[in-house]
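As a plain string of letters, each chain reads:
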Amino acid sequence: MQLVGISASVVVGTLLLVALWALRRRLHARELELERKAQELAVSRAAELRLVEELAEARRAEEEARRARDEAVTASRSKSAFLANMSHELRTPLNSILGFAQLVERDPSLADRHRENLAVICKSGEHLLGLVNDILEMAKIEAGRMTLVDAEFDLHDTLSGLSEMFAVDAQKRGLTLTVERAQDVPRHVHGDEGKLRQVLINLLGNALKFTPRGSVTLRASARRATGAHDGAAAGRVRVSFEVTDTGRGMAKAELAELFEAFAQTATGRQSREGTGLGLHISRRIVRMMGGDIRVESQIGRGTTLRFDVRLSLADAPDARAGGAARAPAALRAVGLSPGQPRYRVLVVDDRWDVRHCLLKLLDSVGVEARSATNGLGAVAQWETWAPHLVLLDLRMPLLDGYEAASRIKASARGHETVVVAMTASAFEQNRALAAEAGCDDFVSKPFRDADILGLLTKHLGARFEYEERAAEPGAAQGAPAVDLARAAAGLPAALRKDLRRAATRLDAKAVQATLDRFRPEDADLAGAVAELARGYRFDSILALSSADEEEPS
């Protein structure tokens, strides 16, 4: 029994040892697990801290982005407001300068010397307007505010107008200007006529400016869009334009920067004209219209610029909408044709100079006109006087043009009144806003006599009597432009040398003295060159005097 008791004690002791060892292992395993979990918790806490920091950083970045976005929106609005104000402040006085110059020019008793001075004022005003437009267009591009205004227009009429616009300038420079239109070019199309004209005017103006002798040619052709490869469905047409000159040309190195903003070629820098924005803006416009501009040039052989745009085909308009014949640019309206009704036109503008200029213009052609200084006066005059057409400025105190147009068009009688919006703003969105307010048409300041009278013809069917404008003093009459260069080449070498020397020195008196020496033999040539000198076109005089020699360096 004693032996059994000892064995039992050993067994119990052993079991206790085993139990203690197992318990210790379990405790050790538990300690390891707790240590592992503590490490995991530490890692989790570190990750949580990093996440908190990242979230805080993301919130800071989001806040900075929101603040930057708000600042950008505010800056954009401020820039747009500044641009609108600058556009109004620059275009409005230009409207008065050009408007009153044209008004005085209508006086038949005006002496030739005063007419010459007015021509210089008009030319300088147009040049300033071109610079202002370039700068404003560039600002609109940077602000992302340039848009296309789709409307129906007569493409043939546009090309004819460009030919007339540049014909006199080409003749003065002794150049031949040709506008060629292929038979496949449609007449009535939908698109942005203003933007297309802006591009063509810039390209033609540059070609004439930098071509000392020879010719400038504008060619237009078209092809119908028939598939997806044209980027348009059926009913669209792709019209291609090409402006070619026989000027000095450009080196390949210059072509790379030709379309850069504020960049000018060596020829452009020598001329000291322009802003270096014209071609940059033109390319942006053409790309917006679904095309691009390409250039080819060789030094001494000239330059060719090509581009194409997508337009939509349109049905021929009726006579009232635009079928009335357009007066040639060389003619001036002097009154209504016999049998015309007494048209009534209301002029609404808060500026006295704009109202006075328009009233004088309308009165000079036999149109009855009254004026108002704000929208409230416009509505009151419309109710009591019932004008056929209202020329309505959009930016006025008390009641602006948008609200005035809405009130006029709110009644049945108002739908019979033609309301034309006037603005000096650079933004095309004003045209859309004016149309939403009920305006039937839109004219931008500064406007010309032909713009205003054209509105009466377009909307009221008014017909005018025209008389030929007085010939510009000293301009060669009846002879083609190329004869001017041929006549200059026929001068004695000594006279050409003296004329070239005077033009190089920009000495108008010396040019005049040289002209007096051959005026009895060729009065037409002397008068034409004198006109160039009065317009400070010494570059053209230099080209004429070097007609059969190498260009001076």
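Residues numbered from 1 in each chain as written. Predicted model: local features only at pLDDT ≥ 70, side-chain atom pairs only at ≥ 80, totals over all residues. Heavy atoms only, no water.

On to unusual backbone geometry. Note on backbone geometry: most residues besides glycine have negative phi, and most peptide bonds are trans. Unlike most non-glycine residues, Ala386 shows phi in positive territory, near 55°. Relative to the assigned elements, Ala386 resides in the loop between helix H10 (375–385) and strand E11 (389–393). You will see that Leu398, though not glycine, has its phi angle at about 65°, which is positive. Along the chain, Leu398 falls in the loop between E11 and helix H11 (401–409). (Helix = DSSP H or I, 4+ residues; strand = E, 2+ residues; numbered from the N terminus.)

Between H10 and H11, the least distance of the axes is 9 Å, while the angle of their chain directions is 20°. On the basis of their axis angle, the class for H10 and H11 is roughly parallel. Helix-helix and strand crossings are classified by hand; for H10 and H11 the assignment is right-handed. Here Gly375, Leu376, Val379 and Trp382 of H10 lie close against H11, whose contacting residues are Ala404, Arg407 and Ile408. When grouped by side-chain class, the residues that make up the contact of H10 with H11 number 5 nonpolar, 1 polar and 1 charged. (Axes fitted to C-alpha atoms, helices over the stretch in contact; angles between N-to-C directions. Parallel < 35°, antiparallel > 145°, perpendicular 65-115°, else oblique. Left-handed = near helix turned anticlockwise from the far one by under 90°. Contact = heavy atoms within 4.5 Å. Nonpolar A, V, L, I, M, F, W, Y, C, P; charged D, E, K, R; others polar.)

Quick look at the environment of Arg248 now. Tracing the sequence through the fold places Arg248 in the loop between strand E5 (236–245) and helix H5 (252–255). Considering only alpha carbons, one finds Arg248 and Gly300, 52 residues apart in sequence, at a separation of 4.6 Å.

On to the side chain of Thr303, then. With respect to the element layout, Thr303 can be found in strand E7 (residues 302–313). For Thr303, a relative accessible area of 8% corresponds to the buried category. A polar side-chain atom of Thr303 sits 2.8 Å from a polar atom in the side chain of Ser297. With near-sequence residues (within four places) excluded, Thr303 lies in contact with Val243, Thr244, Asp245, Gly249, Met250, Val295, Glu296 and Ser297. (Buried < 20%, exposed > 50% of the residue type's maximum accessible area, 1.4 Å probe, protein only. Polar contact = N/O pair within 3.5 Å; in protein donor to acceptor, adjacent residues only side chain to side chain.)

Right, let's talk about the side chain of Asp393 for a bit. Mapped onto the elements of the fold, Asp393 is located in strand E11. Beyond its immediate stretch of four places on either side in the chain, Asp393 contacts Val348, Asp349, Asp350, Gly401, Met422, Thr423 and Lys445.

What follows is about the nonpolar core. Ranked by internal contacts, the top residues of the largest apolar core, which has 35 residues, are Leu155, Leu196, Phe241, Phe307 and Leu311. Only helix H3 (155–172), strand E2 (175–181), helix H4 (193–209), strand E4 (214–224), E5, helix H7 (278–288) and E7 provide two or more residues apiece to this core. Dropping the residues within four chain positions of it, Leu155 is found in contact with Val185, Pro186, Arg187, Val189, Leu196, Val239, Phe241 and Leu311. Counting 26 residues, the second largest nonpolar core, distinct from the first, contains Ala333, Leu336, Leu361 and Leu362. (Core = buried A, V, L, I, M, F, W, Y, C linked by side-chain atoms within 4.5 Å.)

Let us now look at empty space enclosed by the protein. Within the structure shown, the criterion is met by 2 cavities of 30 Å³ or more. Its boundaries defined by the atoms lining it, the largest cavity holds a volume of some 70 Å³. Forming the boundary of the largest cavity are Asn95, Gly99, Gln102, Cys357, Leu358, Leu361, Phe447, Arg448, Asp449 and Ile452. Elements represented by at least two residues in the lining of the largest cavity include exactly helix H1 (2–105), helix H9 (352–364) and helix H13 (449–460). Class assignment for the residues of the lining of the largest cavity results in 5 nonpolar, 3 polar and 2 charged. (1 Å grid on protein atoms, 1.4 Å probe; cavity = no way out; pocket = protein on both sides within 12 Å on 5 of 7 lines; lining within 4 Å. Points joined across faces, edges and corners; volume = space filled by probe spheres on them.)

This part covers the confidence of the model for the protein. Note: predicted coordinates in regions of low pLDDT should not be interpreted at a detailed level. Averaged over every residue, the pLDDT of the protein is 76; the share at 70 or more is 75%. Ignoring residues within four places in sequence, the model shows residues 268–276, a span with pLDDT below 50, making 19 contacts including any to other chains. pLDDT under 50 marks residues 469–482. Its contacts with residues more than four places away, or in other chains, come to 30 contacts. (pLDDT = per-residue confidence, 0-100.)

Below, the discussion takes up the sheet that holds strand E10 (residues 368–372). Across the sheet, 5 strands lie side by side as E10-E9-E11-E12-E13; this open sheet has parallel pairing. In this open sheet, the two edge strands, each paired with only one partner strand, are E10 and strand E13 (441–444). Each strand of the sheet is rotated relative to its neighbour by a mean of 20°, with strand direction disregarded. Here strand E12 (residues 418–423) runs beside E13; their pairing, made up of 4 bridges, is parallel. Looking at the pairing, Ala421 lines up with Phe442 of E13. Relative to the sheet, H9 contacts strand E9 (344–348), E10, E11 and E12, its axis offset from that of E10 by approximately 170°. (Pairing = 2+ DSSP bridges.)

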